[in-house]
Amino acid sequence: MFQTLKEWFWLERFWLPPKMKWSDLDDHNGLVFAKPSHLYMTIPCAFLLLIIRYFFEKFVATPLAKTFGIKETVQKIIPNAILENFFNHSTRHPSQADIYGLAKKCHLTERQVERWFRRRRIQDKPSRMKKFQEACWRFAFYLVLNIAGAAFLYDKPWAYDLWEVWNGYPRQPLLPSQYWYYTLEMSFYFSLLFSLSSDVKRKDFLAHVIHHLAAISLMSFSWCANYIRSGTLVMFVHDVADIWLESAKMFSYAGWNQTCNCLFFIFSLLFFVSRFIVFPFWILYCTLVIPMHYLKPFFSYVFLNLQLVLLQALHLYWGYFILKMLRRCIFTKEVQDVRSEDEDEEEEEEEKEEEASKSKERDSLKNGLGANRHLVPNGQHGR
């Protein structure tokens, strides 16, 4: 049954233009053609990237973060089994009735229980150091991808003449630069997919999963159907803006707001130009219109363009977030990632409450009152 399914999946009519066969893409006369088996290498390379990322974050990103003044802060709390069990199995935000009951069980004041839950929530939030490390790794790898893409494409005729993308299709031999460009790009997205569970979670977590899966699916399909020339153009157009976003994040976490704002404006400009001008009017034109001058419509042509349209829909989704961030940047002079704004604002509010609570206790002690606003006998303030 598996063999039957495999044969059906790889039928020529799903992948190749009419009258073309897989045998037409066999290696011959020193020419090598793309094969699905070439993609097996991307999985071990993805795990290799995870190992490289670990050492990069430890020995490059962390010292760089400390240079910027970012410190690894740990919110210490007093262990309490009852409160910890309630936090893990009931709710992170107990009601006033819950706080009253927990205070009775633990022989604590209600304020102490509130403070414990506040500190416990802060403890679970990713630190600035963690966010900086992730942004730094992505910045470094996008820099590598941009350099690699420019090096691989600068002398290719289809980078300047879109008609060359389809000249001779599908009998287009594979170049070593194309192989390594695809391997780097796919391995990187596989590594991002594997690390989603440990990375900082944001409100668009599901969109990230869809984006990574769509990117891997699109690259895999374009490889197997030999749409490699158009695939390299798609990858380069998408990578060119991302490096500026990650650099803006790094300076945002470091507190360099003016530098962050400048970098974010550059990213926004490149994002909207690449995703809303170059991609639809250059890339989609190349994949939708130009092939019809060489070929009749066939299944893989339709499927390829459906994936590209899905990708454009994701561009609209992220474009909405970028516009919100631009508005915030213009009116507040500070860039904040709106995908996590709720969590960040909650954390800031909790920290303010913590400071207010400590200040109130200090004022109460100065005035001869305890934390519960009762009089403290003379000479017992420090007990």
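Structure report, in brief. (Residues numbered from 1 in each chain as written. Predicted model: local features only at pLDDT ≥ 70, side-chain atom pairs only at ≥ 80, totals over all residues. Heavy atoms only, no water.)

**So, the pattern of salt bridges**
In step 1: One pass over the structure, following the stated rule, counts eleven salt bridges.
In step 2: Note that arginine 120 and glutamate 84 form a salt bridge whose closest N and O atoms lie 2.8 Å from each other. Here glutamate 84 lies in helix H4 (residues 81-89) and arginine 120 lies in helix H6 (residues 110-124), a separation of 36 residues in the sequence.
In step 3: For arginine 120, a relative accessible area of 9% corresponds to the buried category.
In step 4: Under the relative-accessibility criterion, glutamate 84 is labelled partly exposed at 23%. (Salt bridge = Lys/Arg side-chain N within 4 Å of Asp/Glu carboxyl O. Helix = DSSP H or I, 4+ residues; strand = E, 2+ residues; numbered from the N terminus. Buried < 20%, exposed > 50% of the residue type's maximum accessible area, 1.4 Å probe, protein only.)

**Points about empty space enclosed by the protein**
In step 1: Scanning all chains against the criterion turns up two cavities of 30 Å³ or more.
In step 2: Forming the walls of the largest cavity are Phe152, Leu153, Lys156, Trp158, Ser177, Gln178, Tyr181 and Thr232.
In step 3: Of all the secondary-structure elements, those providing two or more residues to the lining of the largest cavity are helix H7 (128-153) and helix H8 (176-194).
In step 4: Among the elements that take part in the lining of the largest cavity, H8 stands out by supplying three residues, more than any other.
In step 5: Counted by class, the lining of the largest cavity contains four nonpolar, three polar and one charged residues.
In step 6: For the second largest cavity, the calculated volume is near 30 Å³.
In step 7: If you go around the second largest cavity, the residues you meet are Gln172, Pro173, Leu174, Gln178, Asn226, Ile228 and Arg229. (1 Å grid on protein atoms, 1.4 Å probe; cavity = no way out; pocket = protein on both sides within 12 Å on 5 of 7 lines; lining within 4 Å. Points joined across faces, edges and corners; volume = space filled by probe spheres on them. Nonpolar A, V, L, I, M, F, W, Y, C, P; charged D, E, K, R; others polar.)

**Regarding the environment of leucine 83**
In step 1: Relative to the assigned elements, leucine 83 resides in helix H4.
In step 2: On the accessibility criterion, leucine 83 (0% relative accessible area) is buried.
In step 3: Distance in space between the C-alpha atoms of leucine 83 and isoleucine 99 is 9.7 Å, their sequence separation being 16 residues.
In step 4: Residues contacting leucine 83, with those up to four places away along its chain left out, are Leu102, Cys106, Leu108, Val113, Trp116 and Phe117. (Contact = heavy atoms within 4.5 Å.)

**Some points on the environment of tryptophan 158**
In step 1: Relative to the assigned elements, tryptophan 158 resides in the loop between H7 and H8.
In step 2: Put simply, tryptophan 158 and leucine 233 are 75 residues apart on the chain and 8.8 Å apart in space, counted from C-alpha to C-alpha.
In step 3: Residues within four places of tryptophan 158 in sequence aside, it is in contact with Leu153, Glu164, Val165, Leu175, Gln178, Arg229, Thr232 and Leu233.

**A look at the packing of aromatic side chains**
Two numbers describe a pair of aromatic rings. These are the distance of the centres and the angle of the planes.
In step 1: For the coordinates displayed, the defined rule picks out 44 aromatic pairs.
In step 2: Relative to tryptophan 22, the ring of tryptophan 10 has its centre 6.0 Å away and its plane inclined at 75 degrees; by these criteria the two rings are edge-to-face. Note that tryptophan 10 is positioned in the loop between helix H1 (2-9) and helix H2 (12-15) and tryptophan 22 in the loop between H2 and helix H3 (42-67), a separation of twelve residues in sequence.
In step 3: Note on tryptophan 10: relative accessible area 25%, which makes it partly exposed.
In step 4: Given a relative accessible area of 23%, tryptophan 22 falls into the partly exposed group.
In step 5: Three or more aromatic residues joined by ring pairs form one cluster here, namely Trp8, Phe9, Trp10, Phe14, Trp15, Trp22, Trp166, Tyr169, Phe221, Tyr227, Phe299 and Phe303.
In step 6: A cation over an aromatic ring shows up here: arginine 13 above the ring of phenylalanine 14, its NZ or CZ 5.1 Å from the ring centre. (Phe/Tyr/Trp six-rings, centres within 6.5 Å; stacked < 30°, edge-to-face > 60°. Lys NZ or Arg CZ within 6 Å of the ring centre and 35° of its normal.)

**Some details on the packing of H7 against H8**
In step 1: The contact between H7 and H8 brings their axes to 10 Å, and the two run at 160 degrees. Looking at the two axes, H7 sits roughly antiparallel to H8. Our pair here, H7 against H8, has a crossing hand that is left-handed. In this structure, H7 contributes Trp137, Arg138, Phe141, Tyr142, Leu145, Ala148, Gly149 and Phe152 to the contact, and H8 contributes Ser177, Trp180, Tyr181, Leu184, Glu185, Phe188, Tyr189 and Leu192.
In step 2: Among the residues making up the contact of H7 with H8, the classes are represented as twelve nonpolar, two polar and two charged. (Axes fitted to C-alpha atoms, helices over the stretch in contact; angles between N-to-C directions. Parallel < 35°, antiparallel > 145°, perpendicular 65-115°, else oblique. Left-handed = near helix turned anticlockwise from the far one by under 90°.)

Note that all results are geometric; they support no functional claim without further evidence.
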